[in-house]
Amino acid sequence: MTPDLSNDVRSILDARFEAREKAITESRRVIRAAANGIRALHRSEWDDADQLITESGERLAALMAELVDNPEVAAHNVVSDAAKEYAEARITQASLTRAPIPGFGDLGIDPVPYLHGLGEAVGEMRRRLLDLLRAERVDEAETLLVEMDDIVDLLAEIDYPDGMTNGLRRTTDVARSLVERSRSDLTATVVQERLRRDLKT
């Protein structure tokens with residue numbers, strides 16, 4: 001005879017399902033707060049941005065604490081996406097305010113979503129670089145490009161199977177293409193500025 005496992009299995013899976021549904025809902029709130037924080041950063045609304053990003057981090061920390069007994073739910077993609085979005089927001093904040101870039105330990109998250117957040121922050125840095133070029137702040141744009149380059153170099157050193165890094169190679173490739181486009185934009189601006197000065201003399 002097979003053992004009667006129905007009640008035991010259902011109680012475990014019911015608890016797991018409840019944790020999963022709550023994780024999905026709360027992860028969306030983490031992502032929303034982080035995304036709104038990034039938008040505030042680009043508007044130079046520094047206090048509002050910090051408040052939103054802090055809210056995102058607090059929600060993520062509370063969620064992870066609740067999932068201690070459900071590691072299979074904590075490993076769910078939506079939770080990882082929330083951690084990635086929070087990392088991207090904190091890294092972007094540090095870059096735009098010229099503060100040191102925080103590490104994954106500083107943010108209290110797993111290295112894998114942190115690395116993806118680092119890669120995606122390159123896109124936010126490119127947006128800032130273009131704003132600097134439009135404002136003719138070329139020196140600041142050059143400094144930012146160096147930081148973007150450093151991030152891509154770091155990501156390229158992480159050579160593990162995609163199954164372990166959740167497809168980090170693709171994130172790295174996208175970040176690298178953004179850096180190269182930014183380098184081209186910066187070079188074109190510098191050349192145009194030199195031509196403009198030469199025409200004036």
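Everything numeric here is computed off the predicted structure, so don't read it as measured data.

Details of the overall build of the protein chain
Alright, step 1. Per the secondary structure count, the protein chain includes nine helices and zero strands.
Alright, step 2. The C-alpha atoms of the protein chain give a radius of gyration of 21 Å, which is well past the 17 Å a tight globule of 201 residues would have.
Alright, step 3. Residues classed as buried in the protein chain amount to 40% of the 201 residues present.
Alright, step 4. Carbon and sulfur atoms make up 51% of the accessible area of the protein chain, which amounts to about 11900 Å² in all.
Alright, step 5. Each charge sign in the protein chain was given a centre, from 27 positive and 39 negative side chains, and these centres are 6 Å apart.

Notes on the environment of Gly57
Alright, step 1. Here Gly57 lies in helix 2 (residues 46-66).
Alright, step 2. Distance from Gly57 to Gly108, taken between C-alpha atoms, is 9.0 Å for residues 51 residues apart in sequence.

Thoughts on the environment of Gln51
Alright, step 1. With respect to the helices and strands, Gln51 occurs in helix 2.
Alright, step 2. When the C-alpha atoms of Gln51 and Asp8 are compared, they prove to be 44 Å apart, with 43 residues separating the residues in sequence.

Comments concerning helix 2
Alright, step 1. End to end, helix 2 covers 30 Å across 21 residues, agreeing with the expected 30 Å (1.5 Å per residue, within 8%).
Alright, step 2. Buried residues of helix 2: Ala49, Ile53, Ser56, Gly57, Leu60 and Leu63, and no others. On an axial view of helix 2, the arc spanned by its buried residues comes to 125°, and they lie on one face. Of the exposed residues in helix 2, those oriented more than 90 degrees away from the buried face are Asp47, Gln51, Glu58 and Ala65.

Observations concerning the packing of helix 4 (residues 77-96) against helix 6 (residues 111-134)
Alright, step 1. In the contact formed by helix 4 and helix 6, the axes pass within 7 Å of each other and the chain directions differ by 45°. Comparing the axis directions of helix 4 and helix 6 gives the class oblique. In terms of crossing hand, the pair formed by helix 4 and helix 6 is right-handed. For the pair formed by helix 4 and helix 6, the contact residues are Ser80, Ala83, Lys84, Ala87, Glu88, Ile91, Thr92, Ser95 and Leu96 on the first element and Pro113, Tyr114, His116, Gly117, Leu118, Glu120, Ala121, Glu124, Met125 and Arg128 on the second.
Alright, step 2. Of the residues belonging to the contact of helix 4 with helix 6, the class tally is nine nonpolar, five polar and five charged.

Focus on the pattern of salt bridges
Alright, step 1. For the structure on display, the rule yields 17 salt bridges.
Alright, step 2. Between Asp131 and Arg134 there is a salt bridge; the shortest N-O distance is 2.4 Å. Of this pair, Asp131 and Arg134 are both found in helix 6, three residues apart, which corresponds to roughly one turn of the helix.

What about the packing of helix 2 against helix 4?
Alright, step 1. Between helix 2 and helix 4, the least distance of the axes is 10 Å, while the angle of their chain directions is 150°. Considered as vectors, helix 2 and helix 4 are oriented roughly antiparallel to each other. Both helix 2 and helix 4 take part in a crossing whose hand is left-handed. The residues of helix 4 that touch helix 2, namely those facing Trp46, Asp50, Ile53, Thr54, Ser56, Gly57, Leu60, Leu63 and Met64, are Val79, Ala82, Ala83, Tyr86, Ala89, Arg90, Gln93 and Leu96.
Alright, step 2. When its residues are assigned to classes, the contact of helix 2 with helix 4 shows 11 nonpolar, four polar and two charged.

Quick look at the side chain of Ser56
Alright, step 1. Mapped onto the elements, Ser56 comes out in helix 2.
Alright, step 2. Residue classification places Ser56 among the buried residues on the basis of a relative accessible area of 0%.

Rules behind the numbers
- Residues numbered from 1 in each chain as written.
- Predicted model: local features only at pLDDT ≥ 70, side-chain atom pairs only at ≥ 80, totals over all residues.
- Heavy atoms only, no water.
- Helix = DSSP H or I, 4+ residues; strand = E, 2+ residues; numbered from the N terminus.
- Rg over C-alpha atoms; globule rule 2.2 N^0.38 Å.
- Buried < 20%, exposed > 50% of the residue type's maximum accessible area, 1.4 Å probe, protein only.
- Areas by Shrake-Rupley, 256 points an atom, 1.4 Å probe, with all protein chains shown as cover.
- Lys, Arg positive; Asp, Glu negative; His and termini not counted.
- Charge placed at Lys NZ, Arg CZ, Asp CG, Glu CD.
- Expected span 1.5 Å × (residues − 1).
- Arc of directions from axis to C-beta.
- Axes fitted to C-alpha atoms, helices over the stretch in contact; angles between N-to-C directions.
- Parallel < 35°, antiparallel > 145°, perpendicular 65-115°, else oblique.
- Left-handed = near helix turned anticlockwise from the far one by under 90°.
- Contact = heavy atoms within 4.5 Å.
- Nonpolar A, V, L, I, M, F, W, Y, C, P; charged D, E, K, R; others polar.
- Salt bridge = Lys/Arg side-chain N within 4 Å of Asp/Glu carboxyl O.

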